Each structure stands twice: as structure tokens, then as C-alpha cells.
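Listed below, chain by chain, are the residues.
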Amino acid sequence: MALLKSSIARKVAMALSGLFLISFLLLHVSLNMVSVFSESVFNSISHFMGYNPLVQFVMQPILAFGVIFHFIMGFVLEIQNRNSRPINYAKNNGAANSSWSSRNMIISGLVILAFFGLHFYDFWFPELGYKYFQCNTPDETRYYGELVHKFQSPARTAIYCVSFFLLGLHLWHGFASSFQSVGFNNKYSRALRQFAYAFAVVVPLGFIIIALFHHFNQA
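Keep in mind the model is a prediction, meaning the values are calculated, not measured.

## Concerning the overall build of the protein
Scanning the protein for helices and strands turns up eight helices and zero strands. In the protein, which comprises 219 residues, the share counted as buried stands at 37%. Of the contacts made within the protein by residues no fewer than 6 positions apart, 81% connect residues no fewer than 24 positions apart. Put simply, the protein shows about 13,400 Å² of open surface, and 68% of that area lies on carbon and sulfur atoms.

## A closer look at the pattern of salt bridges
Two side chains with opposite charge may pair up if their charged atoms get near one another. Counted by the stated rule, this structure contains four salt bridges. Across the pair E127 and K131 runs a salt bridge, and its minimum N-O distance is 3.8 Å. Of the two residues, E127 and K131 both sit in helix α5 (residues 105-133), four residues apart, roughly one turn of that helix. A relative accessible area of 14% means that E127 is categorised as buried. If you follow the salt bridges from partner to partner, you end up with E127, K131, R142 and E146 in one network.

## Topic: the packing of α5 against helix α6 (residues 143-150)
One can describe the packing of α5 onto α6 by two numbers: an axis separation of 11 Å at closest approach and a directional angle of 145°. With respect to the hand of their crossing, α5 and α6 are arranged in right-handed fashion. Between α5, through D122, F123 and E127, and α6, the contact on the second element is made entirely by Y143, E146, L147 and K150. Along the lines of polarity and charge, the residues of the contact of α5 with α6 split into three nonpolar, no polar and four charged.

## Topic: a nonpolar patch on the surface
Together, F20, L27, L54, F57, V58, M59, I62, Y132 and F133 make up an exposed nonpolar region whose accessible area comes to about 910 Å². Those elements that provide at least two residues to the nonpolar patch are α1 (2-37), α3 (53-83) and α5. Residue contributions to the nonpolar patch peak at five residues, all from α3. Inspection of the secondary structure assignment puts F133 in helix α5.

## Some details on the nonpolar core
Ranked by internal contacts, the top residues of the largest apolar core, which has 35 residues, are F164 and L171. Secondary-structure elements contributing two or more residues to this core are α1, α3, α5, α6, α7 (154-181) and α8 (189-216).

## Describing the packing of helix α2 (residues 39-51) against α6
At a minimum axis distance of 8 Å, the contact between α2 and α6 shows a crossing angle of 100°. On the basis of their axis angle, the class for α2 and α6 is roughly perpendicular. Contacts from E39, F42, N43, S46, H47 and Y51 in α2 reach Y143, Y144 and L147 in α6. Each residue belonging to the contact of α2 with α6 can be placed in one class, and the counts come to five nonpolar, three polar and one charged.

## Thoughts on the side chain of H170
Locating H170 in the fold gives a position in helix α7. Beyond its immediate stretch of four places on either side in the chain, H170 contacts H70, M105, S108, G109 and I112.

## Things to note about the packing of aromatic side chains
Counted according to the given criterion, the structure contains 17 aromatic pairs. For the pair F116 and F120, a centre-to-centre distance of 6.2 Å together with 35° between the ring planes defines the contact as tilted. Residue F116 and its partner F120 are located together in helix α5, separated by four residues, close to a single helical turn. On the basis of an interplanar angle of 40° and a centroid distance of 5.6 Å, the ring pair of W124 and F125 is categorised as tilted. Since its relative accessible area comes to 31%, W124 is described here as partly exposed. Through successive ring pairs, a cluster of aromatic residues spans F71, F115, F116, F120, W124, F125, F151, Y160, F164 and F207. One Lys or Arg, K131, reaches over the ring of Y51 and ends 5.2 Å from the middle of that ring.

## Thoughts on the environment of F216
You can see F216 is positioned in helix α8. With 64 residues separating them in the primary sequence, F216 and Q152 have C-alpha atoms 8.3 Å apart.

## Side note on α5
Of all bends in α5, the biggest is about 45°, found at F120. Just downstream of α5, C135 is the residue with a positive phi angle, here 55°.

About the criteria used
- Residues numbered from 1 in each chain as written.
- Predicted model: local features only at pLDDT ≥ 70, side-chain atom pairs only at ≥ 80, totals over all residues.
- Heavy atoms only, no water.
- Helix = DSSP H or I, 4+ residues; strand = E, 2+ residues; numbered from the N terminus.
- Buried < 20%, exposed > 50% of the residue type's maximum accessible area, 1.4 Å probe, protein only.
- Contact = heavy atoms within 4.5 Å.
- Areas by Shrake-Rupley, 256 points an atom, 1.4 Å probe, with all protein chains shown as cover.
- Salt bridge = Lys/Arg side-chain N within 4 Å of Asp/Glu carboxyl O.
- Axes fitted to C-alpha atoms, helices over the stretch in contact; angles between N-to-C directions.
- Left-handed = near helix turned anticlockwise from the far one by under 90°.
- Nonpolar A, V, L, I, M, F, W, Y, C, P; charged D, E, K, R; others polar.
- Patch = residues over 30% accessible without salt bridge, like charges linked within 9 Å, V, L, I, M, F, W, Y side chains within 5 Å.
- Core = buried A, V, L, I, M, F, W, Y, C linked by side-chain atoms within 4.5 Å.
- Parallel < 35°, antiparallel > 145°, perpendicular 65-115°, else oblique.
- Phe/Tyr/Trp six-rings, centres within 6.5 Å; stacked < 30°, edge-to-face > 60°.
- Lys NZ or Arg CZ within 6 Å of the ring centre and 35° of its normal.
- Bend = angle between axes of the 7 residues up to and from the residue.

So, in C-alpha cells, the structure goes:
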């Protein structure tokens with residue numbers, strides 16, 4: 001019984017951390033989408049986010065912890081699920097009972113984790129260097145140019161697009177199942193699942209549109 005409770009607690013923690021990261025994705029794609037329509041507004045928003053103490057010293061560390069915690073719990077649950085199936089069946093037609101995304105959450109998760117590393121390398125680490133190590137004077141006009149520069153390379157743009165596609169597959173199963181994991185089962189469940197599926201399509205597609213727009217719109 002203790003093991004069962006522990007397993008349920010892990011699933012709930014996984015779901016809650018995922019829901020938290022989903023809220024960040026919505027904010028992130030909304031802010032980045034501004035760059036498609038207005039360079040000046042994007043610069044202003046980015047500058048505010050980059051120098052706001054609440055964002056930098058409260059929200060950002062919480063976000064980093066959420067990312068690490070979510071992926072660690074994902075690996076723990078994957079190992080737990082594998083250990084709970086000591087008998088390997090000769091034939092297992094998983095596609096008959098589940099989607100590809102639900103059977104390969106660990107694969108899409110690992111790709112997304114690698115993508116986070118690239119994203120930090122492209123944006124977060126240079127931002128830390130610019131503000132805290134190079135001690136540059138704040139420049140409110142630099143953000144748009146830095147964003148566009150990252151999408152000059154076709155290879156890098158393709159990596160971003162593929163990563164966002166896999167993010168969509170990860171969300172397709174993960175977002176919808178998170179409501180079940182936290183025990184949300186009532187008359188609104190069907191509508192929430194439909195919202196989760198729409199989110200899994202619209203948000204990654206938004207990121208892909210941003211990447212492709214800046215790649216093909218190079219001066």
C-alpha cells in the first residue's frame with residue numbers, strides 16, 4: 001500500500017509540474033509571437049522581462065527547478081513502470097491500445113531536454129554573460145536582432161522545428177493525462193481534454209511559425 005501511495009504521489013507531482021511548465025509555454029509563445037508583428041514592442045517586453053527582479057530572481061529559479069523536477073520525475077516513473085513489468089512478452093502490439101506519443105514519452109522527453117540545452121546555450125547563457133559578466137550597459141534594442149540571428153542557420157532552424165513538433169507529441173498525451181493524474185474527473189473533463197489537444201497543436205505550431213518567419217524573413 002505504501003508503494004501504491006508513493007506511485008500515485010509521483011504521478012500527481014509529475015502532472016502538477018507539467019501543468020506549471022505548460023503555463024510557461026503559453027507565456028513564452030505569446031511573448032515570442034510579438035516579434036513577428038513588432039520589433040519595438042518585442043524589444044520593450046524582452047527588456048522588461050530581462051531586468052525585472054521578480055522575473056529574474058523569483059520566477060526564473062522556480063522555472064528552472066520545475067524543468068529539472070519534471071524530467072527527473074519522468075525518468076523515475078519510467079524506471080518504475082519498467083520494473084513493474086518483469087515479464088517481457090514475445091509480442092506486444094502497443095499500437096493497438098495506445099498512441100505513439102503515449103508509448104514514447106521518455107523519447108520525446110529526452111529530445112525536448114536536449115532542446116532545452118540548445119535553447120539555454122543560444123539565449124539564456126549569453127544573456128547571463130551580457131548582464132553579469134561583461135557588465136554591459138542595458139540596451140533595450142538588442143533583443144530582436146539577437147533572436148533573428150539565431151534563425152539564420154537552416155540547420156538550427158530545422159532543429160528548433162523538429163523539437164517543437166516532438167514537444168507537440170509530448171503535450172498531446174501529457175497535457176490531457178495530467179488532469180486524470182490529479183483526479184480531475186467530472187462533467188468538464190471532456191472539454192478539458194479537447195482543450196489540451198488543441199493546446200498541443202497550437203502552441204508548438206506557434207513556435208514553428210516564429211522560427212520559420214525569422215528564418216525566411218532575413219534581410
